[in-house]
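Survey of secondary and tertiary structure
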Amino acid sequence: MFRILHQDLSAKDLTDLVASTKAGAISLFIGVTRDHQQGREVEYLEYEAFVPMAEKMLEQIAQEAKNKWKLEKVAIHHRIGPVAVGKESVIIAVSSAHRKEAIEACHFLIDRLKEKVPIWKKEYFSNGEAQWLVNFPRQ
Amino acid sequence: MKTQLLYFAALKEALGKSGESLDYSSPLTGQGLLELLSLRYPQAAETIQACTLAQNMEYTPLGEEIRPNAEVALIPPVSGG
């Protein structure tokens, strides 16, 4: 349910993982790599993770969401390694009896993931430069 | 006392390695560890100081002592998603 993977991610796989006869809603968040960053053209991205800790943290933030909302199931897959522009880098799937909980939990989970989970992204620009990104720069 | 250090992302690049083991004699806090490494690797001091720590895959405050034989990951600011 909580995996760091080297290959293409599949929204269908994630949807199947959270399917439940008790669920009236499945909400998905799909993070996709962008072709520009502050006006510069991005060629591709490379993700790195502290894999065992990242998988553990994904499970932990899912538990936080389950403590806040009444949910059926949560699954999160994040890709690492090189990721071409326009490809999925992360997919979050949440099922719940009613839509509101699944939608709100999905929003919460992508925010928590970006804040807490030990995953890093490096952008490679078309001019040959590269830089590590920071989600929440210190003030 | 001995601890295994793990480096990732910008820090791994700056140090040219993904980790090392560290022997130390007196008790060391997380902050103390970052300072010790900044002295050892002055060219990477800024990157080291920007890190948070995880001991045995749990985030721990920098004021907390490094536990004997812990696996200590230096976590640069994350950018997943």
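My aim in this report is to walk through the structure given alongside it, one point at a time. (Residues numbered from 1 in each chain as written. Chains lettered and ligands numbered in written order. Predicted model: local features only at pLDDT ≥ 70, side-chain atom pairs only at ≥ 80, totals over all residues. Heavy atoms only, no water.)

1. Topic: the overall build of chain A
Which entries qualify depends on this criterion: Helix and strand definitions follow DSSP, with helices as H or I runs of at least four residues and strands as E runs of at least two, each counted in order from the N terminus. Our radius of gyration looks at C-alpha atoms and nothing else; its globule reference is 2.2 Å times the residue count to the power 0.38. Any residue under 20% of the maximum accessible area for its type is buried, any over 50% is exposed, and the rest in between are partly exposed; the area is computed with a 1.4 Å probe on protein chains only. By definition in these notes, contact holds between two residues if any of their heavy atoms fall within 4.5 Å.
The helix and strand inventory of chain A stands at 3 helices and 9 strands. For chain A, the α and β elements follow one another from N to C terminus as β-α-β-β-β-α-β-β-β-α-β-β. Relative to its length of 139 residues, chain A is compact, with a C-alpha radius of gyration of 16 Å against a globular reference of 14 Å. The burial tally for chain A puts 43% of its 139 residues in the buried class. Taking the contacts inside chain A whose residues are at least 6 apart along the sequence as the reference set, 75% of them involve residues at least 24 apart.

2. Observations regarding the overall build of chain B
Put simply, the rule is: The protein chains shown are the only cover counted for residues, whose accessible areas, like all others here, come from Shrake-Rupley with a 1.4 Å probe. When charges are counted, Lys and Arg are positive and Asp and Glu negative, with His and the chain ends excluded. Where a charge lies is defined by one atom per residue type, namely NZ (Lys), CZ (Arg), CG (Asp) and CD (Glu).
A tally of helices and strands in chain B yields 3 helices and 5 strands. Taken from N to C terminus, the helices and strands of chain B fall in the order β-α-β-α-α-β-β-β. Its C-alpha atoms give chain B a radius of gyration of 12 Å, within 12% of the compact-globule value 12 Å for 81 residues. Each principal axis of the C-alpha distribution contributes one length, and for chain B these read about 35 × 30 × 20 Å. Within chain B, buried positions represent 44% of all 81 residues. Long-range contacts, defined here as pairs at least 24 residues apart, represent 45% of the contacts in chain B between residues at least 6 apart. For chain B, the accessible surface area stands at approximately 3700 Å², while carbon and sulfur atoms represent 53% of it. Of the side-chain charges in chain B, 5 are positive and 9 negative, and the distance between the mean point of each set is 7 Å.

3. Remarks on the pattern of salt bridges
What counts, and what does not: We define a salt bridge as a side-chain nitrogen of Lys or Arg found within 4 Å of a carboxyl oxygen belonging to Asp or Glu.
Per the counting criterion, the structure on display carries 14 salt bridges over all chains. Among the salt bridges present, the one from Glu64 of chain B reaches Arg67 of chain B, with a minimum N-O distance of 3.5 Å. Salt bridges sharing common partners tie together Asp8, Arg79 and Lys87 of chain A.

4. Focus on the interface of chain A and chain B
Under the convention used in this document: The term buried area refers to how much accessible surface (probe radius 1.4 Å) is lost by two components on association, counted for both of them together.
Contact with chain A, which involves 27 residues of that partner, is made by 24 residues of chain B. Overall, the association of chain A and chain B removes approximately 2000 Å² of surface from exposure, summing both partners, and the carbon and sulfur fraction of that is 58%. Among the residues of chain A in contact with chain B, Phe50, Met53 and Trp120 of chain A are the three that bury the most area, contributing 31% of the side total. Taken together, the connections running from chain A to chain B amount to 3 salt bridges.

5. Some remarks on unusual backbone geometry
Residues and elements named next belong to chain A. The backbone phi angle of Gln38 is positive, close to 45°, even though this residue is not glycine. By the element assignment, Gln38 lies in the loop between β3 (36-37) and β4 (40-49). Residue classification places Gln38 among the exposed residues on the basis of a relative accessible area of 71%.

6. Details of the sheet that holds strand β7 (residues 88-96) of chain A
All names here are of chain A. Applicable threshold: When DSSP finds at least two bridges between two strands, those strands are taken to pair. To get an axis, fit a line to the C-alpha atoms, keeping to the stretch in contact for a helix; angles then go from 0 to 180 degrees between the N-to-C directions.
Here 4 strands make up an open sheet; going across it, the order is β1-β5-β7-β2 and the pairing mixed. The open sheet has two edge strands with one neighbour each: β1 (2-5) and β2 (25-32). Across the sheet, the axes of successive neighbouring strands diverge by a mean angle of 10°, strand direction being ignored. Where β1 meets strand β5 (residues 73-79), 4 bridges bridge the pair, whose relative direction is parallel. Residue pairing in the sheet places Ile4 in a bridge with His78 of β5.

7. Section: the sheet that holds strand β1 (residues 2-7) of chain B
For sheets, the rule is that strands pair by backbone hydrogen bonds, running either parallel or antiparallel. Residue and element names in this part refer to chain B. Within the open sheet, the 5 strands sit side by side as β2-β1-β5-β3-β4. Their pairing is mixed. Two strands close off the open sheet at either side, each with one partner strand: β2 (19-23) and β4 (58-60). Taking each pair of neighbouring strands and ignoring which way they run, the sheet shows an average axis angle of 35°. Of the strand pairs in this sheet, strand β3 (residues 52-55) and β4 are connected by 3 bridges, and their pairing is antiparallel. Looking at β4, one finds that Ala54 is bridged to Tyr59. Contacting β1, β2, β3 and β5 (71-75), helix α2 (residues 30-40) runs over the sheet at an angle of about 110° to β2.

Keep in mind that these numbers describe shape and distance, not what the molecule does.
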